[in-house]
Amino acid sequence: MSSDHQHHEAAPTITDVAAAAGVGRATVARTLGNYGSVSDATRAKVMLAAERLGYKPNTLARSMTTGITKTLGIVLADVANPFFSGVLKGISETAKLAGYDAIILSTDEKLQLERDAIGVLLAKQVDGLVVASAAGRNDDVSHLSDAMERGIPVVLIDRLVDTLNTDSVVIDNREAARTAVGSLIQNGHRRIAFAWGPVTLSPATDLEQMQRILDEALWSDGERLRGYLDALEDAGIPFDTALVTHVLKNEGQATRAVSGMLALADPPTAIFTTETEATVGALHALRARNLRLLKDVSLIGFDDSPWAAVMEPPLTMIRQPMRELGSVAAQQLIARINGDASAPARHVLPSTLIVRSSDGPVPAVLGN
């Protein structure tokens, strides 16, 4: 769009607005980017010129604040998690093909680290952000809404943030969980453990309290637990809070929590795990109590991996399209950077229940 005869078809440039308002480009930047000081009279002149020329303020603010650096900022909750490393592959491949570099920061599921990471990336003048946010439903997400107001497009990945109206790429977590737990119920299981539930200092004592905790939980955690509750409700199985873990999310805590459940007077005959560390913790807990998969306790987990297929017995797992999630998020972000101004899109990608042999009928007698 550089040649003169095409000039009028292209979106007006910063220079056009500056010329029309009779001010410098830096003044236009301060006015439309909402930073620095601009007199009221100048602000009015710039806004009028922008409006006359048919400016999109956010595209303008973006071209002013970043000037296109061909860099994407990627903020993931935990890069060590195999799920996120799969997502990262998809983002990196797509970014590279489009000529973008990616700066990746990991937040260890801590919202303050996420805020810091966004600050660092904005200072580095990234053109856009892909974020797997650690924000619960009631958390302050001004670090993300402020970036959006500055004209930096944000694509949420893996988790939604209810209060942000922006692009997202997710799976249907609720449906995936409901299907997996439903298949355990079809096999006759009624005591099904859920690892892990939302982290909370005061575990729920009834369904009503659980719903309250769910309202504040991380979106993906909440959706998976909702799917579990849906499956129980579909089958008329009463909810038992003793079968939902409320621990910090690491393998050791999962091991401890699942061991506690297996020691109950009426222990679970099946376990549903919502990610890799929870699955490994549950397997440790079974081994410590000399219980065998399938023979004594069934298991279905989230996030299929190569080792799940070579376990004995091989694990039935939910496979998420990790690379595709990353790839779609990067494509969506690059489209926004290139000026796509259509309504925010929610891409929901399918997950698949990979049926192997870690889940089966309820054993006649649970091993001691």
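Please refer to the structure higher up on the page.
Report follows, based on the coordinates. (Residues numbered from 1 in each chain as written. Predicted model: local features only at pLDDT ≥ 70, side-chain atom pairs only at ≥ 80, totals over all residues. Heavy atoms only, no water.)

If you look at soluble globular proteins, the nonpolar side chains tend to sit buried side by side. By size, the foremost hydrophobic cluster in this structure holds 51 residues, and its most contacted members are Ile157, Tyr228 and Phe272. If you tally residues by element for this core, the top one is helix 14 (residues 322-337), at 7 residues. In contact with Phe272, not counting residues within four places along its chain, are Ala177, Ala180, Val181, Ile192, Ala193, Phe194, Ala195, Ile300, Phe302 and Ile318. Counting 20 residues, the second-largest nonpolar core is a separate cluster that includes Ala193, Ala254, Ala278 and Leu315. (Core = buried A, V, L, I, M, F, W, Y, C linked by side-chain atoms within 4.5 Å. Buried < 20%, exposed > 50% of the residue type's maximum accessible area, 1.4 Å probe, protein only. Helix = DSSP H or I, 4+ residues; strand = E, 2+ residues; numbered from the N terminus. Contact = heavy atoms within 4.5 Å.)

A contiguous patch of negative charge, built from Asp139, Asp140, Asp146, Glu149 and Glu216, is present on the exposed surface. Mapped onto the elements of the fold, Glu216 is located in helix 9 (residues 207-216). Overall, the relative accessible area of 52% leaves Glu216 in the exposed class. (Patch = residues over 30% accessible without salt bridge, like charges linked within 9 Å, V, L, I, M, F, W, Y side chains within 5 Å. Areas by Shrake-Rupley, 256 points an atom, 1.4 Å probe, with all protein chains shown as cover. Salt bridge = Lys/Arg side-chain N within 4 Å of Asp/Glu carboxyl O. Lys, Arg positive; Asp, Glu negative; His and termini not counted. Charge placed at Lys NZ, Arg CZ, Asp CG, Glu CD.)

Quick look at the packing of helix 2 (residues 25-33) against helix 3 (residues 40-52) now. Running from amino to carboxyl end, helix 2 crosses helix 3 at an angle of 90°, the nearest separation of the two axes being 10 Å. Between helix 2 and helix 3, the angle falls in the class roughly perpendicular. Contact residues: helix 2 offers Thr27, Val28, Thr31 and Leu32, while helix 3 offers Thr42, Arg43, Val46 and Met47. For the contact of helix 2 with helix 3, the residue count by class is 4 nonpolar, 3 polar and 1 charged. (Axes fitted to C-alpha atoms, helices over the stretch in contact; angles between N-to-C directions. Parallel < 35°, antiparallel > 145°, perpendicular 65-115°, else oblique. Nonpolar A, V, L, I, M, F, W, Y, C, P; charged D, E, K, R; others polar.)

Turning next to the pairing of strand 2 (residues 101-106). Inspection of the sheet shows strand 1 (residues 71-76) paired to strand 2 by 6 bridges, in the parallel sense. Pairing of Ile74 across the sheet is with Ile104, part of strand 2. Handedness of the crossover joining strand 1 and strand 2 through helix 5 (residues 82-97) is recorded here as right-handed. (Pairing = 2+ DSSP bridges. Right-handed = clockwise from strand over helix to strand, strands pointing away.)

This brings us to the environment of Ile157. Mapped onto the fold, Ile157 is located in strand 4 (residues 154-157). With relative accessibility at 1%, the residue Ile157 sits in the buried group. Considering only alpha carbons, one finds Ile157 and Met311, 154 residues apart in sequence, at a separation of 30 Å. The residues touching Ile157, leaving out its near neighbours within four places in the chain, are Leu76, Val87, Val130, Val131, Ala132, Val169, Leu325, Gly326 and Ala329.

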